Amino acid sequence: MSNDPIHQFHINKIVPLEVGGLDLSFTNSSLFMVATVAATTGFLMLATSGRGMVPTKLQSIAELAYEFVAGMLRDAAGSHGLKFFPLVFSLFMFILVGNLFGMFPYFFTITSHLIVTAALALLVFGTVLAVGFMRHGLGFLKLFVPSGVPGWLLPLVVAIEVISFLSRPLSHSVRLFANMLAGHITLKVFTGFVVSLSSLGVLGIAGAVLPLALAVGLTALEFLVAFLQAYVFAMLTCMYINDALHPGGH
Amino acid sequence: MPDQTNEREGADKPGTDERLGRLSEALDQAREKSAPTKSQRTSSVRGYGQAMRLSSEFIAGILVGAALGWAVDQLLGISPWGLIVFLILGFAAGVLNLLRAAKMVDDPAVRLDKKPPQG
């Protein structure tokens, strides 16, 4: 089934490995994660190796990425938030490069698997909890108690706020995963139409023009989504970090 | 309805015009305030991103509510009351997420930071 739109998401073991009953095989997903990290690190090392006052083209791309993430973090969490710059920048670059790698034909899209995005979202969630409780102790729980709420409403409001807080990692991870999954399936389905229609003869080839045009448009859209989802993920991370730093507002 | 138009034409008491003027001023101000968010949504890609974000926020709230309710049922053996109560709470949390994502309700941190609105 070469036209199976789900086939591209299959995980294949490259180096089977089992430790104590746990399947720790090196898969195609692991391979592309390593490739993403290697490409990001390599690019940034290369781009910043010159450190010229007048940046080269590569260096200005790296500076642009730095300024972009730093500005986003400063806007959302203030200058205190810049302590978390390494976390946000790593997440942003990892997701962006991972998404863009997924745009190459025959490449595996790491962010199209819920387990990967869930791990990233839980990392952010855990960081927010740890930083919040470390900096404010039990004062962090003020996050769930809005001011100016009458006492008899408070249990209800707190319950709703807690559920809203717990739903964050879910929406955080599902959004990225669903976007990438849906985009790649749509692309595959439309390009599959092109192939199956064009095998039907002259009329089929004429009919295949429409899905081909759509596929070209979708590819452009997918590039945008790849960037946009990395941006949204990093942006929400900044907002959550802001909650951890200022649960009661300062 | 003819009755209404008659009433409106008949209502030329002093002060009506003034009140209408004040109302349109207030409306203009409110429109100005909401204008930037509207222009942000003009791009279709942004709109798509926004739609994905809003729907996932809403669904996440309900799912977490349902999961908590189910867990409470299992722990306390009061099925199905935990599920019922927490689904409703989850729905409320989903709406809260939604309004927060749409910037219609402030984030908790921002909200506490703000002074109560004047007037």
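As a reminder, the structure under discussion sits directly above these lines.
Conventions we followed
Residues numbered from 1 in each chain as written. Chains lettered and ligands numbered in written order. Predicted model: local features only at pLDDT ≥ 70, side-chain atom pairs only at ≥ 80, totals over all residues. Heavy atoms only, no water. Core = buried A, V, L, I, M, F, W, Y, C linked by side-chain atoms within 4.5 Å. Buried < 20%, exposed > 50% of the residue type's maximum accessible area, 1.4 Å probe, protein only. Helix = DSSP H or I, 4+ residues; strand = E, 2+ residues; numbered from the N terminus. Contact = heavy atoms within 4.5 Å. Polar contact = N/O pair within 3.5 Å; in protein donor to acceptor, adjacent residues only side chain to side chain. 1 Å grid on protein atoms, 1.4 Å probe; cavity = no way out; pocket = protein on both sides within 12 Å on 5 of 7 lines; lining within 4 Å. Points joined across faces, edges and corners; volume = space filled by probe spheres on them. Nonpolar A, V, L, I, M, F, W, Y, C, P; charged D, E, K, R; others polar. Expected span 1.5 Å × (residues − 1). Phe/Tyr/Trp six-rings, centres within 6.5 Å; stacked < 30°, edge-to-face > 60°.

(A) Local environment of the nonpolar core. V69(A), V88(A), F89(A), F92(A), V128(A), F165(A) and F233(A) are the most contacted members of the largest nonpolar core, which has 48 residues in total. Breaking this core down by element, the ones donating at least two residues are α1 (28-47), α2 (57-77), α3 (85-101), α4 (114-136), α5 (154-198) and α6 (202-245) of chain A. Beyond its immediate chain neighbours, meaning those up to four positions away, F233(A) contacts L91(A), I95(A), L120(A), A121(A), V124(A), H172(A) and L176(A). In this structure, I160(A), I163(A), L89(B) and A93(B) belong to the second largest nonpolar core, which totals six residues.

(B) Molecular detail of the side chain of N99(A). Residue and element names in this part refer to chain A. With respect to the secondary-structure elements, N99 resides in helix α3. Of the polar contacts made by the side chain of N99, one reaches the backbone oxygen of A226; its length is 2.9 Å. Leave out the neighbours within four places in its chain, and N99 touches T111, L176, M180, A226, Q229 and A230.

(C) Looking closely at empty space enclosed by the protein. Residue and element names in this part refer to chain A. Within the structure shown, the criterion is met by two cavities of 30 Å³ or more. Quantified by volume, the second largest cavity comes out at close to 40 Å³. Contributing elements (two or more residues each) for the lining of the second largest cavity: α4 and α5. Top contributing element to the lining of the second largest cavity by residue count: α4, with four residues. Looking at side-chain class alone, the lining of the second largest cavity contains six nonpolar, one polar and one charged residues.

(D) Spotlight on α2(A). All names here are of chain A. Given a rise of 1.5 Å per residue, 21 residues ought to cover 30 Å, and the 30 Å separating the end C-alpha atoms of α2 matches this to within 8%. Three or more residues of α2 are buried, namely Q59, A62, A65, V69, A70, M72, L73, A76 and A77. Considering only its buried residues, α2 is in contact with α1, α3 and α6. Just past α2, the residue G78 takes up positive phi, approximately 75 degrees.

(E) Spotlight on unusual backbone geometry. Phi is positive for Y106(A), which is not a glycine, with a value near 70 degrees. Tracing the backbone shows Y106(A) in the loop between α3 and α4.

(F) Up close: the packing of aromatic side chains. Residue and element names in this part refer to chain A. What the rule picks out here adds up to 17 aromatic pairs over all chains. Centroid distance F68 to F92: 5.6 Å. Interplanar angle 45 degrees. Geometry classified as tilted. Taken as a pair, F68 in helix α2 and F92 in helix α3 lie far apart in primary sequence, 24 residues in all. A residue is classified by how much of its surface remains accessible, and F68, at 32% relative accessible area, is partly exposed. Plain terms: the ring middles of F144 and F165 are 5.3 Å apart, the flat faces sit at 80 degrees to each other, and that makes the pair edge-to-face. Of this pair, F144 sits in the loop between α4 and α5 while F165 is found in helix α5, placing the two residues 21 residues apart along the sequence. Taken individually, F144 and F165 each receive the classification buried, so the pair is uniform in this respect.

(G) Main features of the environment of V174(A). Residues and elements named next belong to chain A. Relative to the helices and strands, V174 resides in helix α5. Given a relative accessible area of 29%, V174 falls into the partly exposed group. Separated by 81 residues in sequence, V174 and M93 place their C-alpha atoms 19 Å apart.

(H) Fine view of the environment of F101(A). All names here are of chain A. The residue F101 is located in helix α3 in this model. In this structure F101 comes out as buried when scored by relative accessible area, which is 18%. Remark: the alpha-carbon pair of F101 and T36, spanning 65 residues in sequence, is separated by 7.5 Å.

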